[in-house]
Each structure stands twice: as structure tokens, then as C-alpha cells.
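So the chains spell out like this:
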Amino acid sequence: MSQDDDNGEKITGFYFGPKAGITMANQNWDGYERRPLFHYHGAVFMESFDPYYRGSLFMQLGYQSRGSSLTISNLSGGINFSEGIIFNNLALTIGAKKRLLITSISSTPYYYVGVRAEYNVSNNTQEIQTRFSSGAGSLFYPLPIYVNKFVYGITFGGGFEFVGSEFVYPAIEFTISPDLSFQYRSPDGIPVINPFNGQPTTLPERKIRNVTFEISLILKFKREVILVDR
């Protein structure tokens with residue numbers, strides 16, 4: 001989108017910049033009590049020019065932390081531990097953003113929605129399996145072989161852009177990112193040895209779906225291009 005000035009020149013361009021902040025990750029993991037996992041995230045983004053508040057398109061590439069904390073407490077059965085499960089994902093998000101024109105001169109609110117595709121770069125399931133394979137944790141923790149490398153979901157949220165210089169705008173953003181696919185899915189009937197009685201047993205089907213809440217601090221830079229009619 002472009003903007004005309006009084007001299008017949010057309011101004012176009014785009015916005016870009018970094019964002020980083022705190023992540024509160026959780027998971028839908030049937031059957032066990034989950035606790036939030038607090039971590040971090042970072043991303044870079046590009047956004048189309050929006051001088052008339054009609055809406056813009058954006059694309060974002062980020063390093064996101066997904067996961068949760070699992071707490072098992074059963075002192076009579078000899079179980080008492082808590083551990084965080086972390087999936088570090090590279091996430092590509094594409095979406096639309098709408099800024100709201102208001103009378104305040106200090107900030108501009110906005111909201112947005114997008115779709116995500118993510119690739120799992122690393123996770124700590126192998127470390128957890130090594131630590132707990134001979135104990136009670138083997139009944140509760142995921143197996144590395146069943147981690148899905150690719151997941152997808154939606155992202156939506158909003159924030160506030162604050163008054164800065166002509167070409168730099170600080171902002172704060174709040175994001176919710178639920179997954180539509182499973183980060184982990186293992187079949188029913190995996191055989192293991194019960195650590196309490198030494199007898200063979202089987203694990204039920206296990207499915208993990210991520211949902212993540214984020215607070216981000218943003219620096220939004222404006223790249224302006226002036227087109228002159230000749």
C-alpha cells in the first residue's frame with residue numbers, strides 16, 4: 001500500500017524488526033496434571049505498509065519454546081518428582097493485522113490472527129528418558145521416537161504500538177498460540193517394565209498438543225520508499 005503526498009510523490013515501504021519475551025507454555029496431555037513451563041522466545045518479522053489503518057499483512061520467523069512441567073506426587077508409591085519437558089521449535093507465521101485509529105496520542109492498539117507451521121529443532125525427551133528409564137518416570141515421560149518434527153496451529157493476539165521516532169516504534173504484544181496438530185503421539189500398547197513390581201505392562205496411547213502464551217517487547221522499524229512521478 002502507498003501514500004500520496006502534496007508533491008505528487010508516492011510513499012511506500014514496509015515495517016520490520018525483532019521481538020523477544022517471556023513464554024508460558026502448557027500442554028493438553030491426557031491423564032496427568034500439567035503445570036506451566038516458563039521459558040523465552042524470539043523472532044524477526046516483516047509487515048506491509050499501513051498508512052490508512054486499513055489492515056496489513058505480516059510474516060514472522062521465530063524460535064519458540066513449547067512444553068510444560070509434569071509433577072508426579074505419590075509418596076506411598078515411591079514417586080515424587082517434577083520435570084520440565086521442552087520442545088524448541090522454529091516457527092513460521094503468516095497472518096493479517098488490524099491497527100485501530102483512536103484519539104490517544106501515546107499508543108495505537110491492534111489485533112491480529114495468523115497460521116503457523118513449526119519444525120522441532122531440539123527437545124529434552126532423550127535426556128529425560130536416560131535419567132528416568134530405570135525408575136517410575138518411565139511410566140510417565142514421552143519417548144523420543146514419537147516426537148513429531150512438524151506441527152501446525154493458529155496464532156492470535158493483540159498489543160499496543162507506542163509513540164517513538166518517525167521510523168522506530170516500540171510495542172508490547174500478547175499472543176496465544178494453540179496447536180491443531182500433536183507435538184507427540186505414541187500408540188496404545190507400548191511394552192515397558194513396571195518399576196514397582198518388575199512385571200511387564202503396557203502404556204496407553206499418549207498425545208501431546210501445545211498451547212502457548214507469550215508477552216513480547218518489539219522494536220518496529222519503518223523502511224520508507226518514495227516513488228517520484230516523472
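A. Here's a closer look at the overall build of the protein chain. From N to C terminus, the protein chain includes one helix and 13 strands. When the elements of the protein chain are put in sequence order from the N terminus, they spell out β-β-β-β-β-β-β-α-β-β-β-β-β-β. Expressed as a percentage of its 230 residues, the buried residues of the protein chain come to 41%. Taking as baseline every contact in the protein chain between residues at least 6 positions apart, the subset at least 24 positions apart corresponds to 71%.

B. Focus on the side chain of Arg116. Within the element layout of this structure, Arg116 appears in strand E7 (residues 107-123). Arg116 sits in the buried class, given a relative accessible area of 4%. At 2.7 Å, the side chain of Arg116 and the side chain of Thr155 are in polar contact. Apart from residues no more than four positions distant in its own chain, Arg116 is found in contact with Arg66, Leu92, Thr93, Val151, Tyr152, Gly153, Ile154, Thr155, Ser177, Pro178 and Asp179.

C. Highlighting the pairing of strand E11 (residues 190-193). Alternating positions in E11 separate cleanly, Ile190 and Val192 being buried on one face and Pro191 and Ile193 remaining unburied on the opposite face. Looking at chain direction, E11 and strand E12 (residues 200-203) are connected through four bridges and run antiparallel. Of the residues in E12, the one forming a bridge with Pro191 is Thr202.

D. Spatial organisation of the nonpolar core. Judged by nonpolar contacts, the single largest core of 13 residues is most densely connected at Trp29, Ile85, Tyr141 and Tyr184. Beyond its immediate stretch of four places on either side in the chain, Tyr184 contacts Pro142, Leu143, Tyr146, Val147, Asn148, Arg206, Lys207 and Ile208. Counting six residues, the second largest nonpolar core, distinct from the first, contains Phe58, Tyr110, Ala171 and Ile218.

E. Geometry of the environment of Ser56. Take Ser56: it is sitting in strand E5 (residues 56-74). The spatial distance from the C-alpha of Ser56 to the C-alpha of Phe14 is 9.8 Å, given a sequence separation of 42 residues. Reaching out from Ser56, the side chain makes a polar contact with the side chain of Glu47 at a distance of 3.2 Å.

F. Spotlight on the packing of aromatic side chains. In the structure shown here, the tally under the stated rule is eight aromatic pairs. Look at Tyr15 and Phe49: their rings are 5.8 Å apart centre to centre, the planes differ by 40 degrees, and that puts the pair in the tilted class. One end of the pair, Tyr15, is in strand E2 (residues 10-29); the other, Phe49, is in the loop between strand E4 (37-48) and E5, with 34 residues separating them in the sequence. For the residue pair Tyr15 and Phe49, the accessibility class agrees, reading buried in each case. Here the aromatic rings of Tyr146 and Tyr184 are separated by 6.3 Å at their centres, their planes lie at 85 degrees, and the arrangement is edge-to-face. Placement of Tyr146 in the loop between helix H1 (125-132) and strand E8 (150-162) and of Tyr184 in strand E10 (residues 184-186) is noted, with a sequence separation of 38 residues between them. Residue Tyr146 is classed as partly exposed on the basis of its relative accessible area, which comes to 25%.

G. Molecular detail of the pattern of salt bridges. Within the structure shown, the criterion is met by twelve salt bridges. Asp50 is the partner of Arg99 in a salt bridge, and the nearest nitrogen-oxygen pair spans 3.5 Å. With Arg99 in strand E6 (residues 79-99) and Asp50 in the loop between E4 and E5, the pair connects residues that are 49 residues apart, well separated along the chain. Owing to a relative accessible area of 10%, Arg99 belongs among the buried residues under this scheme. Since its relative accessible area comes to 0%, Asp50 is described here as buried. Glu205 is paired through a salt bridge with Arg185; the nearest N and O atoms lie 3.2 Å apart. Of this pair, Glu205 sits in the loop between E12 and strand E13 (206-227) while Arg185 sits in strand E10, and the two are 20 residues apart along the sequence. By sharing partners, the salt bridges in this structure join Glu47, Asp50, Lys97, Arg99, Glu161 and Lys220 into a single network.

What counts and what doesn't
Residues numbered from 1 in each chain as written. Predicted model: local features only at pLDDT ≥ 70, side-chain atom pairs only at ≥ 80, totals over all residues. Heavy atoms only, no water. Helix = DSSP H or I, 4+ residues; strand = E, 2+ residues; numbered from the N terminus. Buried < 20%, exposed > 50% of the residue type's maximum accessible area, 1.4 Å probe, protein only. Contact = heavy atoms within 4.5 Å. Polar contact = N/O pair within 3.5 Å; in protein donor to acceptor, adjacent residues only side chain to side chain. Pairing = 2+ DSSP bridges. Core = buried A, V, L, I, M, F, W, Y, C linked by side-chain atoms within 4.5 Å. Phe/Tyr/Trp six-rings, centres within 6.5 Å; stacked < 30°, edge-to-face > 60°. Salt bridge = Lys/Arg side-chain N within 4 Å of Asp/Glu carboxyl O.

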